[in-house]
Amino acid sequence: MQNALEIIQILTSLTLIVVIVLQAKGQGLGGLFGGADSMGISKTRRGLERTLFQVTVGLSIAFLLNAILQLLIQ
């Protein structure tokens, strides 16, 4: 059981990294390091950008729950 949870944790973290990098690609290099390229203009997420955001939230929750479950099992 412990090995399965560790494998799930590794796969979740790698997928989370990939999804976050995919989100940051569209923002330019300044946005990647926290710079404000948009000059105060905000936009709503649509299409693929919204889907990537929702997947990121879901993976983050799964990562956190899996980490807590691993702590409880030890």
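What you see is a predicted model, and the numbers here were worked out from it, not measured in a lab.

What counts and what doesn't
Residues numbered from 1 in each chain as written. Predicted model: local features only at pLDDT ≥ 70, side-chain atom pairs only at ≥ 80, totals over all residues. Heavy atoms only, no water. Axes fitted to C-alpha atoms, helices over the stretch in contact; angles between N-to-C directions. Helix = DSSP H or I, 4+ residues; strand = E, 2+ residues; numbered from the N terminus. Parallel < 35°, antiparallel > 145°, perpendicular 65-115°, else oblique. Left-handed = near helix turned anticlockwise from the far one by under 90°. Nonpolar A, V, L, I, M, F, W, Y, C, P; charged D, E, K, R; others polar. Patch = residues over 30% accessible without salt bridge, like charges linked within 9 Å, V, L, I, M, F, W, Y side chains within 5 Å. Areas by Shrake-Rupley, 256 points an atom, 1.4 Å probe, with all protein chains shown as cover. Salt bridge = Lys/Arg side-chain N within 4 Å of Asp/Glu carboxyl O. Buried < 20%, exposed > 50% of the residue type's maximum accessible area, 1.4 Å probe, protein only.

Engineer: What is the right way to look at the packing of helix α1 (residues 2–25) against helix α3 (residues 48–73) in this model?
Structural biologist: For any two helices packed against each other, one specifies the inter-axial angle together with the distance between the axes. Here α1 crosses α3 at 155°, and the two axes come no closer than 9 Å. With respect to their mutual orientation, α1 and α3 come out roughly antiparallel. Like other packed secondary-structure pairs, α1 and α3 cross with a definite hand, here left-handed. In terms of residue class, the contact of α1 with α3 is made up of 15 nonpolar, 10 polar and 1 charged.

Engineer: So what exactly am I meant to see when it comes to a nonpolar patch on the surface here?
Structural biologist: On the surface, F53, V57, I61, L64, L65, I68 and L72 cluster together into a nonpolar patch covering about 660 Å² of accessible area. Inspection of the secondary structure assignment puts L72 in helix α3. Owing to a relative accessible area of 68%, L72 belongs among the exposed residues under this scheme.

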